[in-house]
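# Structural characterization, general
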Amino acid sequence: MEWEIQLKTKGLNQWILDAEQKLTQVRDLLDVLKTEEAQFKKVWKSSAMEMWEKEFWLLLVKARRQLKEMQKLILLLDESACALAQSEKKMEHSAEEI
């Protein structure tokens, strides 16, 4: 009987690192937007600006909440990846003994 073990942890770990990097980029862009909004506010003063600004802040808060939730999910996935890595190590060890 021929055994074939396919290890997936390395690819999963890379995906997690990539996702964390993208989340960091999004947070950085949101910070830039926040700064640009402050500069924009100095130039455009009207009731339309006030309405736009309220909507902007609501969307910004919503985006930040969603980023936090995504970060929590990625942390859970990372824990699962560690458990998978341990399982793969045990499988490799067991396969070597066969």
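Quick look at the nonpolar core now. Within the largest apolar cluster, 9 residues are counted, these being Ile-16, Ala-19, Leu-23, Leu-30, Phe-56, Leu-60, Leu-67, Ile-74 and Ala-81. Elements that contribute at least two residues to this core include exactly α1 (9-43) and α2 (47-97).

Structurally, Leu-33 is set in helix α1. Separated by 27 residues in sequence, Leu-33 and Leu-60 place their C-alpha atoms 8.9 Å apart.

This model, assessed by the stated rule, comprises 2 salt bridges. Asp-31 is the partner of Arg-64 in a salt bridge, and the nearest nitrogen-oxygen pair spans 2.6 Å. One end of the pair, Arg-64, is in helix α2; the other, Asp-31, is in helix α1, with 33 residues separating them in the sequence. Look at Arg-64 and you get partly exposed, because its relative accessible area is 26%.

Enumeration over the complete set of coordinates arrives at 3 aromatic pairs. On the basis of an interplanar angle of 75° and a centroid distance of 5.3 Å, the ring pair of Phe-40 and Trp-52 is categorised as edge-to-face. Here Phe-40 is found in helix α1, whereas its partner Trp-52 is found in helix α2, with 12 residues between them in sequence. On the basis of relative accessible area, Phe-40 is assigned to the partly exposed category, the value being 36%. In this structure Trp-52 comes out as partly exposed when scored by relative accessible area, which is 33%. Clustering of aromatic rings is evident, with ring pairs tying together Phe-40, Trp-52, Phe-56 and Trp-57.

Here we take up the side chain of Glu-37. Position of Glu-37 among the secondary structure elements: in helix α1. When its relative accessible area of 4% is taken as the criterion, Glu-37 is described as buried. Those residues in contact with Glu-37 that sit more than four places away from it in its chain are Met-49, Trp-52, Glu-53, Phe-56 and Trp-57.

Criteria and cut-off values
- Residues numbered from 1 in each chain as written.
- Predicted model: local features only at pLDDT ≥ 70, side-chain atom pairs only at ≥ 80, totals over all residues.
- Heavy atoms only, no water.
- Core = buried A, V, L, I, M, F, W, Y, C linked by side-chain atoms within 4.5 Å.
- Buried < 20%, exposed > 50% of the residue type's maximum accessible area, 1.4 Å probe, protein only.
- Helix = DSSP H or I, 4+ residues; strand = E, 2+ residues; numbered from the N terminus.
- Salt bridge = Lys/Arg side-chain N within 4 Å of Asp/Glu carboxyl O.
- Phe/Tyr/Trp six-rings, centres within 6.5 Å; stacked < 30°, edge-to-face > 60°.
- Contact = heavy atoms within 4.5 Å.

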